[in-house]
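Breakdown of the fold
The primary structure of each chain is shown beneath.
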Amino acid sequence: MNLKGRHFLTLKDYTPEEIQYLIDFSAYLKEKKKKGQPVDELRGKNVALIFEKTSTRTRCSFEVAAHDLGMGTTYLDPSGSQIGKKESIADTARVLGRMYEGIEYRGFGQEIVEELARYAKVPVWNGLTNEYHPTQMIADLLTIQEHKGSLNGLNFVYMGDARYNMGNSLMIACSKMGLNFTACAPKAYFPNAELVKECESYAKASGSTIRLTEDTIEGTKEADIIYTDVWVSMGEPDEVWAERIRDLSPYQVNKKIMENAKPDAIFMHCLPAFHDLKTKIGEDISRKFGLTEMEVTNEVFESAQSVVFDEAENRMHSIKAVMAATLGMEMN
Ligand code: CP
Ligand code: NVA
């Protein structure tokens with residue numbers, strides 16, 4: 001499998017075999033790390049990490065992974081560069097492409113990371129846009145494979161805002177890899193029809209199904225995996241909290257939902273999560289709307305079924321695999 005020189009912008013661009021290779025490469029690098037066997041064949045290379053939105057997992061994963069592989073990193077924070085303000089994306093890409101072997105971009109529209117990729121002449125990795133979060137997908141699929149043994153035929157249910165980066169990306173990842181995907185959400189929060197149609201063709205090829213439902217009991221019956229994400233994403237205005245709480249509260253992942261799924265179902269969340277009042281936003285929302293937990297209850301988040309920290313750890317191993325593969329390293 002040769003992925004050298006490829007961008008990583010959305011899983012739409014990758015075949016199921018290539019996605020499986022990246023999952024297996026992640027597992028291989030994870031095992032090497034656990035055994036204390038260094039894999040640092042990319043010594044002397046450097047990567048630029050552009051973050052126009054904040055991050056804990058993605059930034060730390062890119063930094064640690066690059067360091068482990070022997071590479072240097074430059075972190076450009078939301079205010080620390082000229083990007084988009086004094087310098088166009090195309091010019092930025094041509095400058096960074098002369099200095100770095102790869103560029104990560106986290107920000108707003110998918111068209112921005114696509115423009116970077118068009119001009120950079122080095123691999124560009126999407127660290128999250130409004131539309132997609134592809135590095136999260138490799139970590140999530142690895143986590144599912146670790147807990148369930150394989151991917152094919154599993155019932156995956158996404159609850160909440162299914163029309164944003166996580167809902168979109170999970171529908172693509174599941175339909176390509178043979179997991180039956182259900183978006184369980186109010187109709188207005190279903191993924192857009194064009195993407196659903198595209199994913200239906202992936203599902204047909206992998207022998208899986210796609211279902212959109214408003215019914216939480218019907219939707220989560222027989223689920224192997226229940227997944228949710230925040231109700232308001234980065235970059236969205238505070239004004240939308242009221243409507244999201246009104247519309248998405250019935251889709252909270254709680255004990256009743258987990259009990260309706262298979263007895264051995266796992267709970268997943270890309271994190272960060274609002275499951276208690278130990279955050280500033282959580283406290284503000286509690287004061288304004290009287291909620292103490294949002295998309296997931298603390299009980300489910302802290303339960304034995306919750307694999308969220310395995311998932312978070314796997315961000316690092318999978319981001320390492322994405323960089324290594326696209327920079328020309330092979331699994332051996
Ligand atoms: N899951 C995820 O992307 O986390 P960060 O926003 O902390 O990077
Ligand atoms: N939907 C969330 C995902 C965070 C990892 C956001 O865009 O803020």
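In the block above lies the structure referred to throughout.
For the structure given in this document, a descriptive report is provided here.

1. Section: the pairing of strand β8 (residues 225-228)
Residues Ile225 and Tyr227 line one face of β8 and the alternating positions Ile226 and Thr228 line the opposite face, and both faces are buried. Of the pairings in the sheet, the one linking strand β5 (residues 155-159) to β8 comprises four bridges and is parallel in character. Bridging across to β8, methionine 159 finds its partner in threonine 228. Here four bridges tie β8 to strand β9 (residues 266-269), and the two strands are oriented parallel to one another. Looking at the pairing, isoleucine 225 lines up with isoleucine 266 of β9.

2. Considerations on the site of ligand 2
What surrounds ligand 2 is the set Leu128, Asn165, Asp229, Val230, Ser233, Met234, Cys270 and Leu271. Methionine 234 places a polar main-chain atom, nitrogen or oxygen, 2.8 Å from an oxygen atom of ligand 2. When the free accessible area of ligand 2 is taken as 270 Å², the share hidden by the protein chains comes to 95%. With respect to the detected pockets, ligand 2 is housed in the largest pocket. Taken together, the residues that form the shell around ligand 2 break down as five nonpolar, two polar and one charged.

3. A word on the side chain of arginine 57
Mapped onto the elements of the fold, arginine 57 is located in helix α2 (residues 57-68). For arginine 57, which is buried and forms no salt bridge, the nearest opposite charge comes from glutamate 311, at a distance of 8.8 Å. Those residues in contact with arginine 57 that lie beyond four places of it in its chain are Cys270, Leu271, Pro272, Ala312 and Arg315.

4. With respect to the layout of surface pockets
The volume enclosed by the largest pocket comes to roughly 720 Å³. Around the largest pocket, the lining comprises 34 residues; the ones closest to its centre are Val230, Val232, Ser233, Met234 and Pro272. Residue assignment for the lining of the largest pocket shows that the elements contributing at least two residues are α2, α6 (165-177) and α11 (280-289). For the lining of the largest pocket, the element with the most residues is α11, which contributes five residues.

5. What to know about the packing of α6 against helix α7 (residues 193-206)
α7 packs onto α6 with a crossing angle of 20° between their chain directions and a minimal axis gap of 7 Å. The angle between the axes of α6 and α7 places the two elements in the roughly parallel class. When α6 is examined against α7, the residues Asn168, Met171, Ile172, Ser175 and Lys176 are found in contact with a partner set consisting of Leu195, Val196, Cys199, Tyr202, Ala203 and Ser206.

6. Observations concerning the side chain of threonine 143
Within the element layout of this structure, threonine 143 appears in helix α5 (residues 134-148). Among the polar contacts made by the side chain of threonine 143, one reaches the main-chain carbonyl oxygen of alanine 139 at a distance of 2.6 Å. The residues touching threonine 143, leaving out its near neighbours within four places in the chain, are Met268, Val307, Asp310, Glu311 and Asn314.

7. Focus on empty space enclosed by the protein
Gaps left between atoms are located by rolling a probe of water-molecule size over the structure's atoms. Going through the model one piece at a time under the given rule, you end up with one cavity of 30 Å³ or more. Within this model, the largest cavity holds a volume of roughly 30 Å³. What lines the largest cavity is Phe274, Asp276, Leu277, Gly282, Ile285, Leu291, Thr292, Glu293 and Met294.

What counts as what
Residues numbered from 1 in each chain as written. Chains lettered and ligands numbered in written order. Predicted model: local features only at pLDDT ≥ 70, side-chain atom pairs only at ≥ 80, totals over all residues. Heavy atoms only, no water. Buried < 20%, exposed > 50% of the residue type's maximum accessible area, 1.4 Å probe, protein only. Helix = DSSP H or I, 4+ residues; strand = E, 2+ residues; numbered from the N terminus. Pairing = 2+ DSSP bridges. Near = heavy atom within 4 Å. Polar contact = N/O pair within 3.5 Å; in protein donor to acceptor, adjacent residues only side chain to side chain. Areas by Shrake-Rupley, 256 points an atom, 1.4 Å probe, with all protein chains shown as cover. 1 Å grid on protein atoms, 1.4 Å probe; cavity = no way out; pocket = protein on both sides within 12 Å on 5 of 7 lines; lining within 4 Å. Sits in = over half its atoms within 2 Å of the grid points. Nonpolar A, V, L, I, M, F, W, Y, C, P; charged D, E, K, R; others polar. Lys, Arg positive; Asp, Glu negative; His and termini not counted. Salt bridge = Lys/Arg side-chain N within 4 Å of Asp/Glu carboxyl O. Contact = heavy atoms within 4.5 Å. Points joined across faces, edges and corners; volume = space filled by probe spheres on them. Axes fitted to C-alpha atoms, helices over the stretch in contact; angles between N-to-C directions. Parallel < 35°, antiparallel > 145°, perpendicular 65-115°, else oblique.

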